[in-house]
Amino acid sequence: MTKFSELNISESTQKALQRMGFEEATPIQEGTITLSMEGKDVIGQAQTGTGKTAAFGIPIIEKIDMSNPSVQALIIAPTRELAIQVSEEIYKIGYGKRARVLTVYGGQEIGRQIRALRNNPQIVVGTPGRILDHINRKTLKLNNVQTLVLDEADEMLNMGFIEDINTILASVPSERQTLLFSATMPAPIRKIAETFMKTPEIVKIKSKEMTVENIDQYFVKSQEREKFDILSRLLNVHQPELAIVFGRTKRRVDELSHALSIRGYLAEGIHGDLTQAKRMSVLRQFKENKIDVLVATDVAARGLDISGVTHVYNFDIPQDPESYVHRIGRTGRAGKSGVAVTFVTSREMGYLRVVEETTKKRMTPLQPPTEDEALIGQQRLAMEQLTEVIQKNELTDYAPLAAELLEKFDAQDIIAAAIKSLTNEPDDTPVKITEERPLPMRKTQSRDRGGYKGSRGGGRSFGGGRGYGGGGSRRNNRDGGGRRDRSRNRNER
Ligand SMILES: Nc1ncnc2c1ncn2[C@@H]1O[C@H](COP(=O)(O)OP(=O)(O)OP(=O)(O)O)[C@@H](O)[C@H]1O
Ligand SMILES: [Mg+2]
């Protein structure tokens, strides 16, 4: 482990990193920061949640010339949420230096962005569509850009941003430095690198597995129509602090979040059809623990760094192994532990095997809890809640009421009643979940998806670790609304 002080980083940035609680550089940071500071083009590939943002954020902050008011670094990210998250992290790294960072993305009023661009930000973070829009309007001038970053390059390809990226890359001075970061490195990304980068240094954090080892990975084999009940029971037994449930389509996300709300969970969905304001508010509520279960499409949750996500449920198995890696990477971040559960129908078992081949890790079969087991889980939780209240020792005001009850009833009955009323008993309120067509049959076969060979292995980058449990699902009643289908269209325009 390398300390940031050994990486030739300025005092002010070291202080900022300290404030952020970063003590040592993660392997990808250790491997790329010096190269980037020397001005080299760098391709960085490392597992999810291992600090790729700061890996490019630190050199950018170090290189910003504060006396120069023009845009010196441009960072392209695939989604609005990600752009905001990257900006926030860079702003924190640049706290000591007071570098000016601006985020631009679709859905936000362009006039406001144009005014903000006139205030001479030195770092601009944005989504491809909106950046291009500003370039075309000549409201974003890139002639002084020294560093260009493509974050989550694989996802930008998936979302069909390739042409936009090409145009943007062509608008930035060619003597710039280009940095490209990604958790996975499929062939088309390497192609971009060959076309747009100058003899890039490739830093691939060697790991036996693509997924971090502190995520326990399970699968549940079940029929499509049983999935929802099993999910509810799992939630009751696992008692996640924060959970993300992935659905394949937008309709799926709407139906699931609605159904979970009906069954008493604090759940909300996010996907690309929701307004920017709605997506932001859902994410904020999730981060602030006002929502326990976030239901999302792949695209909406890609790259999001939300600390404290203890469980990821793939309600629908993802079609590509890369999506699987990204999805479960929402937990087990920054050295913490996590649990991932993937639902799979018998027709889809081939997909599970392809995922396992790619990640080089077997998932453990999970026997879904029975209704009784789920009930016991809830009862235990109720007991824990009572114990907690007793331990807080603030019961004086309630003593007379307790005495009154004790005069009328048996002590054991009173306690049993208290536990019962705190228990979420199995809830079979009918919910509507439209059956998804299973993915087309696929035979298990060895596929070289290019780039992964020899890059697996699970060294954790930084310590920590947390148990899960506790928490508890609160009740609410909310409406999910019904929306149209299909994800993966271009959300950013
Ligand atoms: N050196 C460090 N020490 C401690 N925590 C760190 C360090 N570097 C990054 N982190 C924290 O680790 C978390 C994950 O980092 P980040 O979001 O950059 O991961 P990532 O590699 O980009 O993941 P993904 O592939 O999912 O986008 C963040 O909360 C970040 O603040
Ligand atoms: Mg990232």
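Residues numbered from 1 in each chain as written. Chains lettered and ligands numbered in written order. Predicted model: local features only at pLDDT ≥ 70, side-chain atom pairs only at ≥ 80, totals over all residues.

Going by this rule: UniProt positions are given in the numbering used here, feature names are shortened, and annotations may be inferred rather than shown by experiment.
The name given to the protein chain in an unreviewed UniProt entry is DEAD-box ATP-dependent RNA helicase CshA, with the source organism recorded as Sporosarcina contaminans. Here is the UniProt Function (unreviewed entry) comment for the protein chain, exactly as written: "DEAD-box RNA helicase possibly involved in RNA degradation. Unwinds dsRNA in both 5'- and 3'-directions, has RNA-dependent ATPase activity." Turning to the protein chain, the UniProt annotation filed under Subunit (unreviewed entry) states: "Oligomerizes, may be a member of the RNA degradosome."

Details of the UniProt feature "short sequence motif: Q motif" (unreviewed entry) in the protein chain
For clarity, the threshold we go by: Secondary structure elements follow DSSP: runs of H or I no shorter than four residues count as helices, runs of E no shorter than two count as strands, and numbering proceeds from the N terminus.
Taking the numbering used here, the UniProt-annotated feature "short sequence motif: Q motif" (unreviewed entry) corresponds to residues 2-30. From the first C-alpha to the last, residues 2-30 spans 7 Å; its make-up is 45% helix and 14% strand.

Some words on the sheet that holds strand E15 (residues 338-344)
Short version of the rule: Two strands are counted as paired when DSSP detects at least two bridges linking them. By the convention adopted here, residues make contact when the C-beta atoms placed from their backbones lie within 7 Å. The axes used here are C-alpha line fits, helices contributing only the stretch in contact, and every angle between their N-to-C directions lies in the interval 0 to 180 degrees.
Pairing in this open sheet of seven strands is parallel, and the strands run E12-E13-E11-E14-E15-E10-E16 from one edge to the other. In this open sheet, the two strands that pair with only one neighbour each are strand E12 (267-270) and strand E16 (364-365). When strand E11 (residues 243-246) meets strand E13 (residues 293-296), the two strands line up parallel, connected through four bridges. Each residue of the ladder has a partner; that of Val245, found in E13, is Val295. Across the sheet, helix H11 (residues 250-262) touches E11, E12 and E13, and the angle it forms with E12 is around 170°. The strands touched by helix H12 (residues 276-287) are E12 and E13; relative to E12, the strand with the most contacts, the crossing angle is about 140°.

Observations regarding the site of ligand 1
Worth spelling out the cut-off: Using a C-beta atom placed from the backbone, a residue is scored as near a molecule or strand whenever that atom is within 6 Å of it. Three categories are distinguished: nonpolar for Ala, Val, Leu, Ile, Met, Phe, Trp, Tyr, Cys and Pro, charged for Asp, Glu, Lys and Arg, and polar for the others, with Gly belonging to the last.
Taken together, 21 residues sit near ligand 1, with Phe22, Thr48, Gly51, Lys52 and Thr53 positioned nearest. When contributions to the shell around ligand 1 are tallied by element, the ones reaching two or more residues are strand E2 (24-25) and helix H3 (52-63). At three residues, H3 tops the list of elements feeding residues into the shell around ligand 1. By residue class, the composition of the shell around ligand 1 is seven nonpolar, ten polar and four charged.

Points about the packing of helix H2 (residues 27-37) against H3
To keep it simple, the criterion reads: An angle below 35 degrees is read as roughly parallel, one above 145 as roughly antiparallel, one from 65 to 115 as roughly perpendicular, and any other as oblique. Crossing handedness: left-handed means the near helix sits turned counterclockwise from the far one by under a right angle, and right-handed means the same turn made clockwise.
As a packed pair, H2 and H3 sit with axes 9 Å apart at the nearest point and diverge in direction by 25°. Regarding the angle of H2 to H3, the classification is roughly parallel. As H2 runs across H3, the sense of the crossing is right-handed. Each of Ile28, Gln29, Thr32, Ile33, Ser36 and Met37 in H2 lies in contact with H3, whose residues at this interface are Lys52, Ala54, Ala55, Phe56, Ile58, Pro59, Glu62 and Lys63. A breakdown of the residues in the contact of H2 with H3 according to their chemical character gives eight nonpolar, three polar and three charged.

Observations concerning unusual backbone geometry
Stated precisely, the cut-off is as follows: Buried, partly exposed and exposed are defined by the number of other C-beta atoms within 10 Å of a residue's own C-beta, namely 20 or more, between the two limits, and 12 or fewer respectively, with C-beta atoms placed from the backbone.
Residue Thr199 is not a glycine yet carries a positive backbone phi of 30°. Here Thr199 is to be found in the loop between helix H9 (187-196) and strand E9 (201-204). Using a count of 6 C-beta atoms within 10 Å as the deciding quantity, one classes Thr199 as exposed. Positioned with a positive phi, Lys360 is a non-glycine residue whose angle comes to about 55°. Mapped onto the secondary structure, Lys360 falls in the loop between helix H15 (349-359) and E16. When the 16 C-beta atoms within 10 Å are taken as the criterion, Lys360 is described as partly exposed.

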